[in-house]
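The primary structure of each chain is shown beneath.
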Amino acid sequence: MKNKYLQTLIALVVLGALWGIFTYVNHKKSTSSPKPKGPTSQTIFPAKKDQIVAFTVTPSTGKAVTCVLNGKTWEITKPEKLATDSSTIKGFLNNLTSATPNEIVSQKPGDLKEFGLDPPEFTIQVKTNTKPQEFTLLLGSSTPTSNGIYAKVAGQSRVFTLASYQKNAFEKNLFDFRNKKVVTLASENIQRMDVSSPKGSYQLVKNADGIWDLMLPPPVRADHFTVEGLVDELGNASMKSVVEENKRDLSRYGFSNPTLTIHLSGDAGSQTLVLGKKDGDNYYAMNTAVGPVFTLGSDFLSQFQKKPSAMRSKDLFSYVTYEVNKLTYKGPKGQRVFVQHKNNKWGQTQPASMEVASSKMQTLLQDLR
C-alpha cells in the first residue's frame, strides 16, 4: 500500500516539474519572439489639414506638380500656373492627414529596393505653417497580394503598408489637380444661349421675368426643365483630357467645320464653346475663355443636338397652381366662376354660390396646367 502511494507521489512531482518547464519555455518564447505585425491607429502625418500651405507630388517618371495655398484658394504653380479642382485638393489633403499604417513591415529594413522605395515610385513633399515645417512621404510598389502599397516617411527607418485604395488617393498628376470645367460663366449669369450644329440651330433668351424664351421667331415660352437641364449640363461639363495647353493649328481638330457651337452670354461676359471632330468616344473641344484644347464625351453633344420643337413649352397654360385665385369657365351650358376665399378655401360664385372642396380645385388646376 505504501509503495502505491509513493509511486503516485513521485508521478505528481514529475508532472509538476514538467509543467513548470513547459510554462518557463513558453514564457521565454513569448518574450523573445517579435510581436505580431498589425495595424496601428496613429496617423502618419503629424499636422492638421488646415496647417498645410503647399505640397509637391513627384512621380518617378513624369513632371512634378506643386500646389500652393494663396489666401484661401489653392493654385497650381508648377509645372505651370493653373487653377485647381477644389474637390480633388480637398480629397487629397483629407486622405493625407487621416492615413494610418495598415501594417508595420520592418522597423529597420535592409534594402529599400525590394519595397520599391529606392527610388520611390511617388514622393509627396508637404510644407506646413507649424512644426514640422516639412514632411515627406515616399510611396513604393504594391504588396505581393496587391492589398496595399509599401510606404515610408523620410527621416524614419520603418517601412509600413497603406491600404490599396490610398494608391489612387495619393498618386495624382497635373490633370487630376487642375480645374477641368469647360465653361467658366456661372449658371445664374447665362442669359442667352445660341446653339448651332449641322442638324440645326436654336436661340434661347432669358426674358425680363427670368423665364426662358425660345426665339423662333416670334419668341415663345421654352420648356423650363429642358433648358435648365442644358444649363446644368454646361455647369457640370468636365474635360476628359487635355490635348494641348495652347490653341495652335486648330484646323487639325476640326474646329473649322465644327460639330457643335454654343455661344453663351450675359451681364458677366460671353464665351464660345466649340466641338470639333471625333476622337474615339470623345470630341475635340475648346472654349474661348479656357486655355487648352481638350476633349468632351459624346453624351455632351447629344444633349444639345435638339430640334427647336423639342425646346418649346407644350403647356397650354403657364401658371403656378397655388397662385391662382379665380377661374372662369364658359361652355355650352353657360358660365361658371370659381373664386378662392380666405384660408385657401374655394367656392363657386356663378351660376349659384356653393362651397367647393379645395382638393378638387387643385386637381382641376393641375390638369389644366
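Residues numbered from 1 in each chain as written. Predicted model: local features only at pLDDT ≥ 70, side-chain atom pairs only at ≥ 80, totals over all residues. Heavy atoms only, no water.

Engineer: Residue-level account of the sheet that holds strand β13 (residues 219-221), with values.
Structural biologist: In space, the 9 strands of this open sheet follow the order β13-β12-β11-β10-β15-β16-β17-β18-β14, with antiparallel pairing throughout. What marks the edges here is a single partner per strand, and that holds for β13 and β14 (241-244). Each neighbouring strand pair of the sheet contributes to a mean axis angle of 25°, computed without reference to strand direction. In terms of strand pairing, β14 meets strand β18 (residues 293-297) through 3 bridges, oriented antiparallel. Paired with V242 across the bridge in β18 is F294. (Pairing = 2+ DSSP bridges. Helix = DSSP H or I, 4+ residues; strand = E, 2+ residues; numbered from the N terminus. Axes fitted to C-alpha atoms, helices over the stretch in contact; angles between N-to-C directions.)

Engineer: Help me get a handle on the nonpolar core, residues and values and all.
Structural biologist: Residues M193, L204, L234, I262, L275, F300 and F304 are the most contacted members of the largest nonpolar core, which totals 32 residues. Beyond its immediate chain neighbours, meaning those up to four positions away, L234 contacts V183, I190, M193, I262, L264, L273, F300 and F304. Counting 31 residues, the second largest nonpolar core, distinct from the first, contains C67, V126, V153 and L162. (Core = buried A, V, L, I, M, F, W, Y, C linked by side-chain atoms within 4.5 Å. Buried < 20%, exposed > 50% of the residue type's maximum accessible area, 1.4 Å probe, protein only. Contact = heavy atoms within 4.5 Å.)

Engineer: Can you lay out the pairing of strand β6 (residues 122-128) for me, pointing to particular residues and giving the numbers?
Structural biologist: Counting buried residues in β6 gives 5 out of 7 residues, a clear majority hidden from the surface. For strand β1 (residues 52-59) and β6, the ladder comprises 7 bridges, and the chain directions are antiparallel. The partner of V57 across the bridge, within β6, is I124. The turn linking β6 back onto strand β7 (residues 134-142) is made up of 5 residues.

Engineer: Please provide a residue-by-residue account of the sheet that holds strand β20 (residues 334-340), values included.
Structural biologist: Hydrogen bonds between backbone atoms are what pair the strands of a sheet, whose relative direction is either parallel or antiparallel. Overall, antiparallel pairing links the 4 strands, which are arranged β19-β20-β21-β22 in an open sheet. Looking at strand neighbours, the two that pair on one side only are β19 (326-331) and β22 (354-356), the edges of this open sheet. Across the sheet, the axes of successive neighbouring strands diverge by a mean angle of 30°, strand direction being ignored. Pairing analysis gives 3 bridges linking strand β21 (residues 346-350) to β22, with the strands arranged antiparallel. Each residue of the ladder has a partner; that of W346, found in β22, is V356.

Engineer: Which residues make up the confidence of the model for the protein chain, and what are the values?
Structural biologist: Note that predicted coordinates carrying low pLDDT should not be read in detail. Taken over all residues, the pLDDT of the protein chain has a mean of 88, while the share at 70 or more is 89%. Here residues 24-40 is a poorly scored stretch, pLDDT under 50, and it has 10 contacts once near neighbours within four places are set aside; other chains count. (pLDDT = per-residue confidence, 0-100.)

Engineer: Can you tell me about the pattern of salt bridges, naming the residues and giving the values?
Structural biologist: Counted according to the given criterion, the structure contains 6 salt bridges. The partner of D85 in a salt bridge is K180, and the shortest N-O contact between them spans 3.5 Å. Separated by 95 residues along the polypeptide, D85 in the loop between β4 (82-83) and α2 (86-98) and K180 in the loop between α4 (174-177) and β10 (192-197) bring together distant segments of the chain. Judged by relative accessible area, which is 18%, D85 ranks as buried. Given a relative accessible area of 12%, K180 falls into the buried group. For K167, the salt bridge is made with E171, and the minimal N-O distance between the two is 3.3 Å. (Salt bridge = Lys/Arg side-chain N within 4 Å of Asp/Glu carboxyl O.)

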